[in-house]
Amino acid sequence: MAILWLNFVIATLAILYSGARLSIYGDIIAEKSGLGRTWVGVVLMASVTSLPELATGLSSVIYTHTPDIAAGDILGSCAFNMLILAALDAVVGPIPLSSRAHQGQTLAAGFGILLLSLVALSACFNSMAITVGWIGLYSILFILIYLVAMRLIFFYEKQQRAAAREKAIGLKYGDIPKRTAYLGYSIHAVLVIIAGTCLPGIGKGIAETTGLGQTFVGNIFIAAATSLPEVVVSVSAVKMNAIDLAIGNLFGSNLFNIAILALDDIFFVEGPLLSFVHQNHLISALSAIAMTAIAIIGLTYRAGRKRLFLAWDSVGIVLVYLVNLMLLYTKR
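Attention here is on the structure that accompanies the text. (Residues numbered from 1 in each chain as written. Predicted model: local features only at pLDDT ≥ 70, side-chain atom pairs only at ≥ 80, totals over all residues. Heavy atoms only, no water.)

What follows concerns the packing of helix α6 (residues 105-124) against helix α13 (residues 281-301). It is at 9 Å that the axes of α6 and α13 come closest, and there the two elements cross at 160°. If you check the angle between α6 and α13, you find them roughly antiparallel. Considering how the two elements wind past one another, α6 and α13 form a crossing that is left-handed. Contact residues: Gln-105, Thr-106, Ala-109, Gly-110, Ile-113, Leu-116, Ser-117, Ala-120, Ala-123 and Cys-124 in α6; Leu-282, Ala-285, Leu-286, Ala-288, Ile-289, Thr-292, Ala-293, Ile-296, Leu-299 and Thr-300 in α13. Across the contact of α6 with α13, the residue classes break down as 14 nonpolar, 6 polar and no charged. (Axes fitted to C-alpha atoms, helices over the stretch in contact; angles between N-to-C directions. Helix = DSSP H or I, 4+ residues; strand = E, 2+ residues; numbered from the N terminus. Parallel < 35°, antiparallel > 145°, perpendicular 65-115°, else oblique. Left-handed = near helix turned anticlockwise from the far one by under 90°. Contact = heavy atoms within 4.5 Å. Nonpolar A, V, L, I, M, F, W, Y, C, P; charged D, E, K, R; others polar.)

Right, let's talk about helix α4 (residues 67-89) for a bit. Across its 23 residues, α4 extends 34 Å between first and last C-alpha, which sits within 8% of the 33 Å expected from 1.5 Å per residue. Counting buried residues in α4 gives 21 out of 23 residues, a clear majority hidden from the surface. (Expected span 1.5 Å × (residues − 1). Buried < 20%, exposed > 50% of the residue type's maximum accessible area, 1.4 Å probe, protein only.)

Turning our attention to the environment of Ala-288. Mapped onto the elements, Ala-288 comes out in helix α13. With relative accessibility at 0%, the residue Ala-288 sits in the buried group. In the structure, Ala-288 is positioned 29 residues away from Ile-317 in sequence and 9.1 Å away in space, judged by C-alpha atoms. When residues no more than four places from it in sequence are discounted, the contact partners of Ala-288 are Cys-78, Ala-79 and Leu-116.

Right, here's the structure in full:
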């Protein structure tokens, strides 16, 4: 048991370090390509920081045959990302985080609710799933919606991007050559994938030895570990006062996570993935939907100041996550 937890800690630390480095190199590449940091947060950073979920999911369905770990990691990470959003609110000062963000963030958040709702519906009616070969038709729909979301967000941000704001952020990596950025990105991407690949087997062992079950372990322990890059990137962005980069990273990660779930389904050759997972995953899916909805309300209402160290919308997100934990534990 001690060896399992030691391996879990080692893999987690590897993801924490390499995920942070990977995000930095991704930001360098984005800056030098001129894409802009708002777009980077939703797309490039989100895909970068979601590499552990990708590696964990593919490893779960290909090598360890634990679809509950794969689904739990994805849906648990979506809920955990929203918890990160609430936690960031505690460190930004007296003005709520949601009031300092661009309202265009609601576009990515809305697509997140759409995709999570489709996941929940597909899981509810898994016995009636329409398939294309062994793949659920819903997985193809997930990928199509993700691509549409990326296109719409790109054009929206292109229209809304203010030259003065982009200039205010400035160039931070002018002395770093592109070759160094690409090399560093590649090295740390490999390290993240290796560490993420180890997590499903470790999680399965913890589930068996503790009796907590794969659904609980996948939604809590594995999801928290693979979400560490999101934590690192978001905290760093807030410290740089790049609020939109931080929030865009979290909403974008949720979109990318559902695309990963579709990829997991493609590589899970036994049949539609959601037909082989426990119904308890609906708890995390619905919790993530509720948390994202609260975030959208906060972004729209834009409260002037906080009454507590957290804004009211962040308090609501934390409460929903705690209910999510309690329900998962009682249903384990």
